[in-house]
Amino acid sequence: MKPKTVDFSRATQVQVLTQGSINGYNRLFGGKLMEWIDVVAAVVARRHSGKNVTTAVVDTLQFKGAAHPNDTVVLEGYITYAGKTSMEVCVKTYIEALSGEQTLINTAYIVMVALDQNEKPTLVPPLKLISDEEEYEWLMAEKRYNLRKKRRQENY
Ligand SMILES: CC(C)(COP(=O)(O)OP(=O)(O)OC[C@H]1O[C@@H](n2cnc3c(N)ncnc32)[C@H](O)[C@@H]1OP(=O)(O)O)[C@@H](O)C(=O)NCCC(=O)NCCS
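Given the structure is predicted, the values throughout are model-derived calculations rather than measurements.

Peer 1: Can you walk me through the overall build of the protein in this structure?
Peer 2: For the protein, the helix and strand inventory stands at 3 helices and 7 strands. Along the protein, helices (α) and strands (β) appear in the sequence β-α-β-α-β-β-β-β-β-α when read from the amino end. For 156 residues, the compact-globule formula gives about 15 Å, and the C-alpha radius of gyration of the protein, at 16 Å, lands near that figure. Dimensions of the protein, computed from the C-alpha atoms along their principal axes, are close to 45 × 35 × 30 Å. Split into buried and exposed, the 156 residues of the protein put 41% on the buried side. For the protein, contacts bridging at least 24 residues in sequence account for 70% of all contacts bridging at least 6. Total accessible area on the protein is roughly 9,300 Å²; 50% of this is exposed by carbon and sulfur atoms.

This is how it looks when you write it as C-alpha coordinates:
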(Lines give C-alpha, C1' and ligand atoms only; values in the text may rest on other atoms or scores of the structure.)
Protein backbone atom coordinates (compact mmCIF):
# COMPACT_ATOMS: atom_id res chain seq x y z
CA MET A 1 0.00 0.00 0.00
CA LYS A 2 1.24 3.48 -0.87
CA PRO A 3 2.34 5.50 2.21
CA LYS A 4 0.41 8.68 2.98
CA THR A 5 1.66 11.80 4.71
CA VAL A 6 0.27 13.30 7.91
CA ASP A 7 -0.93 16.33 5.95
CA PHE A 8 -2.93 14.13 3.56
CA SER A 9 -5.53 13.32 6.22
CA ARG A 10 -5.54 16.44 8.42
CA ALA A 11 -9.07 17.58 9.34
CA THR A 12 -10.47 20.73 10.96
CA GLN A 13 -13.89 21.45 12.40
CA VAL A 14 -15.07 24.89 13.55
CA GLN A 15 -17.99 25.60 15.88
CA VAL A 16 -19.50 28.74 17.39
CA LEU A 17 -20.89 27.75 20.79
CA THR A 18 -24.66 27.99 21.05
CA GLN A 19 -26.94 27.20 24.01
CA GLY A 20 -27.41 23.61 22.79
CA SER A 21 -23.76 22.83 23.58
CA ILE A 22 -23.65 24.49 27.01
CA ASN A 23 -23.96 22.82 30.45
CA GLY A 24 -25.59 24.10 33.65
CA TYR A 25 -22.43 26.06 34.53
CA ASN A 26 -22.58 28.08 31.30
CA ARG A 27 -19.59 26.23 29.86
CA LEU A 28 -19.14 23.92 26.90
CA PHE A 29 -20.63 20.50 27.76
CA GLY A 30 -17.75 17.98 27.80
CA GLY A 31 -19.86 15.25 26.18
CA LYS A 32 -20.59 17.53 23.22
CA LEU A 33 -16.89 18.21 22.75
CA MET A 34 -16.21 14.47 22.88
CA GLU A 35 -18.73 13.96 20.06
CA TRP A 36 -16.98 16.57 17.90
CA ILE A 37 -13.56 15.06 18.69
CA ASP A 38 -14.80 11.61 17.68
CA VAL A 39 -16.07 12.94 14.34
CA VAL A 40 -12.80 14.75 13.56
CA ALA A 41 -10.77 11.65 14.48
CA ALA A 42 -13.00 9.48 12.28
CA VAL A 43 -12.58 11.80 9.29
CA VAL A 44 -8.78 11.77 9.68
CA ALA A 45 -8.78 7.97 9.89
CA ARG A 46 -11.14 7.64 6.91
CA ARG A 47 -8.91 9.88 4.82
CA HIS A 48 -5.77 7.95 5.76
CA SER A 49 -7.24 4.47 5.32
CA GLY A 50 -9.77 5.12 2.58
CA LYS A 51 -12.07 2.84 4.57
CA ASN A 52 -14.89 3.03 7.05
CA VAL A 53 -13.52 3.22 10.58
CA THR A 54 -14.66 2.63 14.13
CA THR A 55 -13.48 4.09 17.43
CA ALA A 56 -11.58 1.46 19.41
CA VAL A 57 -10.04 3.47 22.25
CA VAL A 58 -10.10 6.96 23.69
CA ASP A 59 -7.45 6.82 26.38
CA THR A 60 -6.38 10.43 26.69
CA LEU A 61 -8.82 13.28 26.97
CA GLN A 62 -7.39 16.24 28.81
CA PHE A 63 -9.66 19.22 29.44
CA LYS A 64 -7.27 22.12 29.96
CA GLY A 65 -9.64 25.08 29.77
CA ALA A 66 -13.30 26.06 29.49
CA ALA A 67 -15.25 27.45 26.56
CA HIS A 68 -18.28 29.73 26.89
CA PRO A 69 -21.32 30.73 24.79
CA ASN A 70 -20.45 32.47 21.52
CA ASP A 71 -16.80 31.29 21.62
CA THR A 72 -15.27 30.13 18.36
CA VAL A 73 -14.03 26.57 18.90
CA VAL A 74 -11.56 25.02 16.46
CA LEU A 75 -10.76 21.29 16.42
CA GLU A 76 -7.70 20.09 14.52
CA GLY A 77 -7.03 16.40 13.96
CA TYR A 78 -4.01 14.63 12.53
CA ILE A 79 -2.69 11.09 12.43
CA THR A 80 0.28 10.29 14.68
CA TYR A 81 0.69 6.55 14.10
CA ALA A 82 -0.40 3.82 11.71
CA GLY A 83 -0.36 0.21 12.92
CA LYS A 84 -1.54 -2.76 10.87
CA THR A 85 -5.26 -2.00 11.01
CA SER A 86 -5.35 0.79 13.60
CA MET A 87 -4.44 4.46 13.52
CA GLU A 88 -3.83 6.85 16.39
CA VAL A 89 -5.27 10.31 15.83
CA CYS A 90 -4.55 13.39 17.94
CA VAL A 91 -7.30 16.01 18.14
CA LYS A 92 -6.45 19.39 19.63
CA THR A 93 -9.22 21.82 20.49
CA TYR A 94 -8.68 25.56 20.68
CA ILE A 95 -10.70 28.66 21.46
CA GLU A 96 -10.06 31.31 18.85
CA ALA A 97 -10.19 34.94 20.02
CA LEU A 98 -11.40 37.70 17.71
CA SER A 99 -7.72 38.63 17.25
CA GLY A 100 -7.17 35.15 15.78
CA GLU A 101 -5.09 34.01 18.76
CA GLN A 102 -5.78 30.38 19.66
CA THR A 103 -5.76 28.91 23.19
CA LEU A 104 -5.55 25.13 23.61
CA ILE A 105 -8.44 23.78 25.73
CA ASN A 106 -8.30 20.03 25.04
CA THR A 107 -5.94 17.33 23.77
CA ALA A 108 -7.25 13.87 22.89
CA TYR A 109 -5.68 10.68 21.50
CA ILE A 110 -8.06 8.27 19.81
CA VAL A 111 -7.44 4.85 18.28
CA MET A 112 -9.46 4.22 15.12
CA VAL A 113 -9.65 0.86 13.34
CA ALA A 114 -10.27 0.50 9.59
CA LEU A 115 -13.02 -1.95 8.66
CA ASP A 116 -13.58 -4.01 5.52
CA GLN A 117 -16.95 -4.79 3.91
CA ASN A 118 -17.56 -7.47 6.55
CA GLU A 119 -16.82 -4.97 9.33
CA LYS A 120 -13.58 -6.78 10.18
CA PRO A 121 -10.28 -4.91 10.81
CA THR A 122 -8.40 -4.34 7.56
CA LEU A 123 -4.91 -3.10 6.67
CA VAL A 124 -4.15 0.64 6.54
CA PRO A 125 -1.44 2.41 4.51
CA PRO A 126 1.91 3.16 6.19
CA LEU A 127 2.47 6.70 7.42
CA LYS A 128 5.09 8.76 5.60
CA LEU A 129 6.82 10.99 8.15
CA ILE A 130 8.32 14.20 6.85
CA SER A 131 9.23 16.51 9.76
CA ASP A 132 11.16 15.97 13.01
CA GLU A 133 7.95 16.80 14.86
CA GLU A 134 6.10 14.02 13.03
CA GLU A 135 8.95 11.60 13.88
CA TYR A 136 8.70 12.62 17.54
CA GLU A 137 4.89 12.20 17.58
CA TRP A 138 5.33 8.75 16.00
CA LEU A 139 7.79 7.64 18.70
CA MET A 140 5.47 8.81 21.48
CA ALA A 141 2.47 7.16 19.76
CA GLU A 142 4.41 3.92 19.35
CA LYS A 143 4.98 3.87 23.11
CA ARG A 144 1.24 4.35 23.71
CA TYR A 145 0.47 1.60 21.13
CA ASN A 146 2.72 -0.86 23.00
CA LEU A 147 1.29 0.18 26.36
CA ARG A 148 -2.27 -0.34 25.13
CA LYS A 149 -1.30 -3.73 23.70
CA LYS A 150 0.13 -4.75 27.08
CA ARG A 151 -2.96 -3.47 28.92
CA ARG A 152 -5.19 -5.37 26.51
CA GLN A 153 -3.20 -8.59 27.01
CA GLU A 154 -3.58 -8.13 30.76
CA ASN A 155 -7.31 -7.53 30.26
CA TYR A 156 -7.01 -4.15 31.99
C1 LIG B 1 -12.33 -2.16 17.50
C2 LIG B 1 -12.64 -3.56 16.98
C3 LIG B 1 -13.00 -3.48 15.51
C4 LIG B 1 -11.40 -4.43 17.17
O5 LIG B 1 -11.75 -5.70 16.72
P6 LIG B 1 -10.85 -6.98 17.12
O7 LIG B 1 -11.52 -8.17 16.58
O8 LIG B 1 -10.54 -6.93 18.55
O9 LIG B 1 -9.58 -6.74 16.24
P10 LIG B 1 -8.03 -6.88 16.53
O11 LIG B 1 -7.71 -7.57 17.80
O12 LIG B 1 -7.44 -7.44 15.27
O13 LIG B 1 -7.57 -5.36 16.67
C14 LIG B 1 -7.58 -4.52 15.56
C15 LIG B 1 -6.71 -3.33 15.86
O16 LIG B 1 -7.31 -2.57 16.87
C17 LIG B 1 -6.43 -2.41 17.96
N18 LIG B 1 -7.25 -2.50 19.18
C19 LIG B 1 -8.42 -3.13 19.31
N20 LIG B 1 -8.86 -3.01 20.57
C21 LIG B 1 -7.93 -2.32 21.23
C22 LIG B 1 -7.79 -1.89 22.57
N23 LIG B 1 -8.71 -2.15 23.49
N24 LIG B 1 -6.69 -1.18 22.91
C25 LIG B 1 -5.77 -0.90 21.98
N26 LIG B 1 -5.83 -1.28 20.70
C27 LIG B 1 -6.90 -1.99 20.33
C28 LIG B 1 -5.43 -3.55 17.86
O29 LIG B 1 -4.20 -3.21 18.45
C30 LIG B 1 -5.32 -3.70 16.37
O31 LIG B 1 -4.42 -2.73 15.86
P32 LIG B 1 -3.25 -3.14 14.81
O33 LIG B 1 -3.88 -4.01 13.75
O34 LIG B 1 -2.83 -1.81 14.24
O35 LIG B 1 -2.17 -3.81 15.57
C36 LIG B 1 -13.84 -4.20 17.76
O37 LIG B 1 -13.44 -4.38 19.12
C38 LIG B 1 -15.09 -3.38 17.72
O39 LIG B 1 -15.82 -3.39 16.73
N40 LIG B 1 -15.38 -2.64 18.81
C41 LIG B 1 -16.54 -1.75 18.83
C42 LIG B 1 -16.18 -0.42 18.22
C43 LIG B 1 -17.33 0.55 18.22
O44 LIG B 1 -18.47 0.17 18.01
N45 LIG B 1 -17.02 1.82 18.45
C46 LIG B 1 -17.99 2.85 18.52
C47 LIG B 1 -18.45 2.96 19.92
S48 LIG B 1 -19.94 3.89 20.02
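Peer 1: What is the right way to look at the site of the ligand in this model?
Peer 2: Of all residues adjacent to the ligand, which total 13 residues, the nearest are K84, T85, S86, Y145 and R152. At 2.9 Å from a nitrogen atom of the ligand is found a main-chain nitrogen or oxygen belonging to T55. Between R152 and the ligand, the recorded distance is 2.6 Å, taken from a side-chain N or O atom to an oxygen atom. For the ligand, whose unbound accessible area comes to 930 Å², protein coverage reaches 52%. Broken down by secondary-structure element, the contributors of at least two residues to the shell around the ligand are β3 (52-63) and α3 (132-153). In terms of residue count, β3 provides more of the shell around the ligand than any other element does, 4 residues in total. Tallied by class, the residues present in the shell around the ligand amount to 5 nonpolar, 5 polar and 3 charged.

Peer 1: Is there a simple way to explain helix α2 (residues 30-49) in this structure?
Peer 2: Because the α-helix completes a turn every 3.6 residues, residues three or four places apart line up on one side. Along its 20 residues, α2 runs 28 Å from first to last C-alpha, staying within 8% of the 28 Å computed at 1.5 Å per residue. Those residues of α2 lying buried are L33, W36, I37, V40, A41, A42, V44, A45, H48 and S49. Downstream of α2 by a residue or two, G50 has a phi angle that is positive, lying close to 70°.

Peer 1: Explain the nonpolar core here, please?
Peer 2: In globular proteins that are soluble, nonpolar side chains generally tend to be buried together. Of all hydrophobic cores here, the largest spans 37 residues; its most connected members are L75, M87, V91 and M112. Looking at this core, the elements with two or more residues in it are α2, β4 (72-82), β5 (86-96), β6 (102-115) and α3. Among the elements that line this core, the one with the most residues is α2, at 8 residues. With residues near it in sequence (within four places) discarded, L75 still touches A11, T12, Q13, L33, W36, I37, V40, V91, K92 and T93.

Peer 1: Got a minute to help me understand the pattern of salt bridges in this structure?
Peer 2: Inspection of every chain in the model, using the stated rule, returns 7 salt bridges. Two residues, D59 and R148, come together in a salt bridge whose shortest N-O distance is 2.6 Å. Note that D59 is positioned in strand β3 and R148 in helix α3, a separation of 89 residues in sequence. Two residues, D59 and R151, come together in a salt bridge whose shortest N-O distance is 3.4 Å. Of the two residues, D59 sits in strand β3 while R151 sits in helix α3, which places them 92 residues apart along the sequence. You can call R151 partly exposed: its relative accessible area is 28%. Beyond isolated ion pairs, a larger network of salt bridges with shared partners links D59, E88, R144, R148 and R151.

Scoring rules and cut-offs
- Residues numbered from 1 in each chain as written.
- Predicted model: local features only at pLDDT ≥ 70, side-chain atom pairs only at ≥ 80, totals over all residues.
- Heavy atoms only, no water.
- Helix = DSSP H or I, 4+ residues; strand = E, 2+ residues; numbered from the N terminus.
- Rg over C-alpha atoms; globule rule 2.2 N^0.38 Å.
- Buried < 20%, exposed > 50% of the residue type's maximum accessible area, 1.4 Å probe, protein only.
- Contact = heavy atoms within 4.5 Å.
- Areas by Shrake-Rupley, 256 points an atom, 1.4 Å probe, with all protein chains shown as cover.
- Near = heavy atom within 4 Å.
- Polar contact = N/O pair within 3.5 Å; in protein donor to acceptor, adjacent residues only side chain to side chain.
- Nonpolar A, V, L, I, M, F, W, Y, C, P; charged D, E, K, R; others polar.
- Expected span 1.5 Å × (residues − 1).
- Core = buried A, V, L, I, M, F, W, Y, C linked by side-chain atoms within 4.5 Å.
- Salt bridge = Lys/Arg side-chain N within 4 Å of Asp/Glu carboxyl O.

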